[in-house]
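# Descriptive structure summary
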Amino acid sequence: MDVLHNHIAGLDVPAASGATMDVVNPATNSVIATIPDSGEGDVHSAVGAASDALQGSWGHATVAERADLCDAIADCIEARLDELAELESLDTGKPIRTARSIDIPRAVANFRFFAGAVRHQQTGFHEMADALNYTLRRPLGVVGLITPWNLPLYLLSWKAAPALATGNAVVAKPSELTPMTAAALAQIVTEVGGPPGVFNVVHGAGAAAGAALVSHPTVRGISFTGGTQTGRIVGAAAAQSFKKVSLELGGKNATLVFDDADFDLALAGAVRAGFTNTGQVCLCGSRILVEASLHDRFVDALVARVEGMRLGDPQREDTELGALVSRAHREKVERYIALGVEEGGQIRTGGDRPKLPDDLAQGAFVRPAVITGLAPTCRTATEEIFGPVVTVHPFEDEAHAVQIANGTRYGLSASVWTTDLARAHRVSAALDVGMVWVNTWLKRDLRVPFGGTKESGVGREGGAYSLAFFTQDKNVCVQL
Ligand code: NAD
């Protein structure tokens, strides 16, 4: 069993109180590690270490030095890809092949991308008849990064890379459910020569360590990814000290399938959007809206495809669906499946617990579910479940499809499946979401704006948006 520590000023340290929390492998329900159960004092030490780093050499590091550090981190993650993928899979219950092909490569890409982005960053210049204005771009200072359990290293690196590339010092608070790769990243930053205090990790519960970070007066920015309810608390707390805040929150995303779509492409896309990472991606298309003329054929094909997915041991190379992140989360998912039945839905497949070998019998598994027959306005169809559950709804025409798709308090993403180019543009424009994919899903260019509308969040990440978030501009006006 691993004993993980906080990483403060380049050193591994326990919580000042000595308290710890267990980390459980959700596929086997066995304890695989402990983390410090940190409190306000630990956060204060980490923020102090970050401030010291900014007073020291890191405060004067050149763009080239910061970019080189990010590249070195990327190289080290890449060299340890297999080891990190295994940690991620053990910690989250996700299939090893997902961790190896998506999570860890994306962490490498994030550091490389922001190394390049900051090397090519430009600032403003505004000329007047008798004066010149130029814009200095400065890091915020100490920034707090708070991340969820579904894509632990992927999302932490998505924030840490631009924060470091732009010269901030970081205090990260990873999810207490999945701390392993954040701990490994802290080691990597120190190993490749990151100055002490530049990247600190404080483990522990959100309501204690997370809340202390958000309310710490020295922290100038909070980049948060997590649930909408937590985001509301974080946003309100951060406003007390006027911190800059980025909130990437929940989603209940629609997959819109028109009858002119390429059937096989749309079916494969809907399955991928519905069940990637066992349905635990904020962008998952958990509401599948199908043109009425196609609905029954599509549902039959969907059910057959979902029943063919291999669920089981996340460590096996051919597993497609792993465990949910915890037994508590499985209970939440199961409550929604039961609610779906109460609300009049028919479970066309799945939703029950699979029979698995003894070592996995206590794991947090649930068979992927397809539910039909629900009103698109009911709770099951509009609230975020965050598990392997999709609801399918027929629509009459384009306007009806858009109305259903927009009928939730969320507005993160959608995918549109059609061969009619004009329709693709019309529907994309009408959807009240931050991101639309047409005839694809989760195709990511790291330069594009990433974020949601309504209760899916505030602000955008990605490329220049992330660089802007982690910096502040100062104008200098020079009289000629
Ligand atoms: P969560 O909100 O429970 O926790 C997220 C993080 O916040 C954790 O590190 C947690 O410890 C911390 N936290 C909890 N309470 C806190 C508090 N009072 N103050 C400060 N920090 C606190 O979310 P989760 O269950 O870990 O993740 C799942 C959610 O994340 C889903 O809703 C999903 O849609 C969302 N998500 C969104 C995106 C996106 O980019 N929009 C990406 C991934 C996940």
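Per chain, the residues get numbers from 1 upward, laid out in the order the sequence is written. Selection of residues for local features in this predicted model requires a pLDDT of at least 70, selection of side-chain atom pairs for listing and counting requires 80 or more, and totals for whole chains, interfaces and linings are taken over all residues. The side-chain numbers reported here are obtained from all heavy atoms of the structure, hydrogens and water having been left aside.

## Points about the overall build of the protein
Regarding its fold elements, the protein presents 15 helices and 23 strands. Both definitions apply: the radius of gyration is a C-alpha atom measure, and the globule rule equals 2.2 Å times residues to the power 0.38. Relative to the 2.2 N^0.38 estimate, which gives 23 Å for 480 residues, the radius of gyration of the protein is 23 Å and therefore close to what a compact globule would have. Reported as C-alpha extents along the three principal axes, the dimensions of the protein are approximately 70 × 65 × 40 Å. Within the protein, the fraction of its 480 residues that count as buried is 57%. Here the contacts in the protein between residues at least 6 apart in sequence split such that 74% fall between residues at least 24 apart. Looking at the protein as shown, the accessible area adds up to about 18,600 Å², and 54% of this sits on carbon and sulfur atoms. Numbering of helices and strands runs from the N terminus, with a helix taken as a DSSP run of H or I at least four residues long and a strand as a DSSP run of E at least two residues long. Exposure is judged per residue with a 1.4 Å probe applied to protein chains only, and the accessible area is read against the type maximum: over 50% gives exposed, under 20% gives buried, and values in between give partly exposed. In this analysis, two residues are considered to be in contact whenever any of their non-hydrogen atoms come within 4.5 Å of each other. To measure how exposed things are, a 1.4 Å probe is used in the Shrake-Rupley method; for residues, cover is taken only from the protein chains shown.

## Concerning the domain arrangement of the protein
Examined at the domain level, the protein breaks down into domain 1 (2-249 + 456-479) and domain 2 (254-445). Residue ranges for the domains originate in an automatic or database domain assignment. Here domain 1 and domain 2 have C-alpha centroids that lie 31 Å from each other. As used here, buried area is the combined drop in accessible area, with a 1.4 Å probe, of two parts when they are placed together. Contact between domain 1 and domain 2 buries roughly 2,300 Å² in total, counting both sides, with carbon and sulfur atoms accounting for 52%. The largest share of the area that domain 1 buries against domain 2 comes from Arg97, Trp149 and Ser456, three residues that together contribute 23% of it. The term salt bridge refers to a side-chain nitrogen of Lys or Arg lying within 4 Å of a carboxyl oxygen of Asp or Glu. Linking domain 1 with domain 2 are two salt bridges. A salt bridge links Arg97 to Glu320; the nearest nitrogen and oxygen atoms lie 3.9 Å apart.

## What to know about the site of the ligand
Whether a residue is near a molecule or strand depends on its heavy atoms: if one lies within 4 Å, it is near. In the region of the ligand, 31 residues are neighbours, and Lys173, Glu176, Thr230, Leu249 and Glu384 sit closest. In the analysis that follows, any N or O atom pair within 3.5 Å is treated as a polar contact, provided that within protein one partner can donate a hydrogen and the other can accept it, and provided that, for residues neighboring in sequence, both atoms belong to side chains. Here an oxygen atom of the ligand sits 2.6 Å away from a polar atom, N or O, in the side chain of Glu176. One of the backbone N or O atoms of Ala211 is found 3.5 Å from a nitrogen atom in the ligand. Protein chains bury 88% of the 850 Å² of accessible surface belonging to the ligand in isolation. Elements that contribute at least two residues to the shell around the ligand include exactly α7 (206-215), β11 (219-225) and α8 (228-239). If you tally residues by element for the shell around the ligand, the top one is α7, at five residues.

## Some points on the sheet that holds strand β23 (residues 471-479)
Taken in spatial order, the three strands make up an open sheet running β6-β7-β23, and their pairing is antiparallel. Each edge of the open sheet carries a strand with a single partner, namely β6 (125-127) and β23. Across the sheet, the mean angle separating the axes of adjacent strands is 20° when strand polarity is ignored. Any two strands between which DSSP finds at least two bridges are classified as paired. The axes are straight lines fitted to the C-alpha atoms, using for helices just the contacting stretch, and the angles between their N-to-C directions are given from 0 to 180°.

## Considerations on the side chain of Lys243
Mapped onto the secondary structure, Lys243 falls in the loop between α8 and β12 (244-248). Positive charge is attributed to Lys and Arg, negative charge to Asp and Glu, and no charge count is given to His or to the chain ends. Buried within the structure, Lys243 lacks any salt-bridge partner; its nearest side chain of opposite charge belongs to Glu40, at an N-O separation of 12 Å. A distance of 2.7 Å separates a polar atom in the side chain of Lys243 from the backbone oxygen of His216. With residues up to four places along the chain from it excluded, the contact list for Lys243 reads Leu213, Val214, Ser215, His216, Pro217, Val219, Arg220, Ile222 and Ala238.

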